2 protein chains.
Amino acid sequence: MPAAAATEVDQTWTIREIADEFEVTHRTVRHYEDLGLITPERRGTVRVYHRRDRTRLALILRGKRLGFPLEEIRTIIDLYDRPRGKASQLEYVLDQIDERRTDLEQRRRDLEDAITELGEFERRCRADLDRLA
Amino acid sequence: MPAAAATEVDQTWTIREIADEFEVTHRTVRHYEDLGLITPERRGTVRVYHRRDRTRLALILRGKRLGFPLEEIRTIIDLYDRPRGKASQLEYVLDQIDERRTDLEQRRRDLEDAITELGEFERRCRADLDRLA
DNA sequence: GTATTGCTTTACGTTTACGTCAACGTCAAG
DNA sequence: CTTGACGTTGACGTAAACGTAAAGCAATAC
């Protein structure tokens, strides 16, 4: 038995398999394909998913958990995949990175404020509860 | 001139004023009212917004920036306003707080992962750029 | 007066993110 | 060879979050 079979590097998956694994429906996966977020290989008519597609799907779902619209998510993951041979392209990418970071850091502030407030609120509630006991 | 006028405590605003200030449309503000997220006073037919409404609107918009759906936002800010005289109510509120926190902390992890990845990506880009120079 | 400005409601339109059929192809099992 | 199990492409439906247009009152501006 060849060693390659043990850690199969170019393993592929069917749409049902990745849908189940990422806990989304096949419809969702195909919707992301319609929007150009994933582009699985085609063998004849059938979709074949590679590790690359799984990576992208993970990025998409995290983007969604963070509340980004799918179109915006596409520009982001496209950014990661974009060819950046020339200096001008790299400058552009670095600019985009900066915008992203600004956005993400705003979110982080919002998030930390929310968590802090929640903590203070909890303290008050516990104090009220103690008072009742 | 009475001292109260200097730091007017029960100042009120029109819908246009708060919409402009929070950089949303009046339509948006009214939509939030339709969903029960804000309940401004009515003088006759006209809406009069108090400081309380501004606080709520700020909470709503932060919730939106964090990607929460409006219905979920409503349950959260209702939680903050809910009467909690009895122990059973306080227990309930504390449970809800716990759920909220779990959610927010998941988001924080996602967010920090995203920021980290962005940083690594930037490093690689800068390295590429240096190589070209 | 009336004309404009600002607020109101009602109601239908739009975009995003899928869900939900319907109708069909295909491949291995019985 | 037909029956599933899984795959495919449309095409239409839906919920959320507003946008937009129509039509009306109400106070100030001229």
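Residues numbered from 1 in each chain as written. Chains lettered and ligands numbered in written order. Predicted model: local features only at pLDDT ≥ 70, side-chain atom pairs only at ≥ 80, totals over all residues. Heavy atoms only, no water.

Peer 1: Would you mind going over the relation of the copies chain B and chain A with me for this structure?
Peer 2: Mapping between the two copies of the chain is achieved by a rotation about an axis and a shift along the axis. When chain B is fitted onto chain A, the two copies agree to an RMSD of 0.1 Å after a turn of 180° and an axial shift of 0.0 Å. As the rotation angle and translation indicate, the two copies are arranged about a two-fold axis. Identified as the residue of chain B closest to the rotation axis by C-alpha distance is G67(B), at 2.0 Å. Of all interface residues in chain B, 100% are interface residues in chain A too; the two copies therefore contact each other through one and the same surface. (Least-squares fit on C-alpha atoms with pLDDT ≥ 70 in both. Contact = heavy atoms within 4.5 Å.)

Peer 1: Looking at this structure, how should I read the pattern of salt bridges?
Peer 2: Side chains bearing opposite charge may pair, as long as their charged atoms lie close to each other. As enumerated under the stated definition, the model contains 34 salt bridges over all chains in all. The shortest N-O distance in the salt bridge between R56(A) and D81(A) comes to 2.9 Å. Linking R56(A) in helix α3 (residues 51–65) with D81(A) in helix α4 (residues 70–81), this pair joins segments that are 25 residues apart in sequence. Note that R65(B) and D110(A) form a salt bridge whose closest N and O atoms lie 2.5 Å from each other. Highlighted residues: R65(B) in helix α3 (residues 51–65) and D110(A) in helix α5 (residues 87–132), drawn from two different chains. Relative accessible area serves as the criterion here: at 4%, D110(A) is assigned to the buried category. Overlapping salt bridges, with partners in common, bring together R52(A), R56(A), D78(A) and D81(A) in one network. (Salt bridge = Lys/Arg side-chain N within 4 Å of Asp/Glu carboxyl O. Helix = DSSP H or I, 4+ residues; strand = E, 2+ residues; numbered from the N terminus. Buried < 20%, exposed > 50% of the residue type's maximum accessible area, 1.4 Å probe, protein only.)

Peer 1: When you look at the UniProt feature "domain: HTH merR-type" (unreviewed entry) in chain A in this model, what are you seeing that I'm missing?
Peer 2: According to UniProt, the positions carrying the feature "domain: HTH merR-type" (unreviewed entry) are residues 12–79 of chain A. Split by type, residues 12–79 of chain A is 62% helix and 9% strand. Its first and last C-alpha atoms lie 24 Å apart. (UniProt positions renumbered as here; feature names shortened; annotations may be inferred.)

Peer 1: I'm lost on the interface of chain B and chain A in this one. Help?
Peer 2: Contact with chain B, which involves 39 residues of that partner, is made by 39 residues of chain A. Buried area between chain B and chain A, summed over both chains or domains, comes out near 4,000 Å², and the portion from carbon and sulfur atoms is 68%. It is L111(B), L118(B) and F121(B) that lose the most area in chain B upon contact with chain A, and together they represent 16% of the buried surface on that side. Between E122(A) and R101(B) there is a salt bridge; the shortest N-O distance is 2.1 Å. Across the contact surface, chain B and chain A share eight residue pairs in polar contact (both at pLDDT 80 or more). Elements with a contribution of two residues or more to the side of chain B that touches chain A: α3, α4 (70–81) and α5 (87–132) of chain B. Ranked by the residues each element gives to the side of chain B that touches chain A, the list is headed by α5(B), at 29 residues. Of the residues assigned to the side of chain B that touches chain A, the class counts are 18 nonpolar, four polar and 17 charged. (Buried area = accessible area lost by both parts, 1.4 Å probe. Polar contact = N/O pair within 3.5 Å; in protein donor to acceptor, adjacent residues only side chain to side chain. Nonpolar A, V, L, I, M, F, W, Y, C, P; charged D, E, K, R; others polar.)

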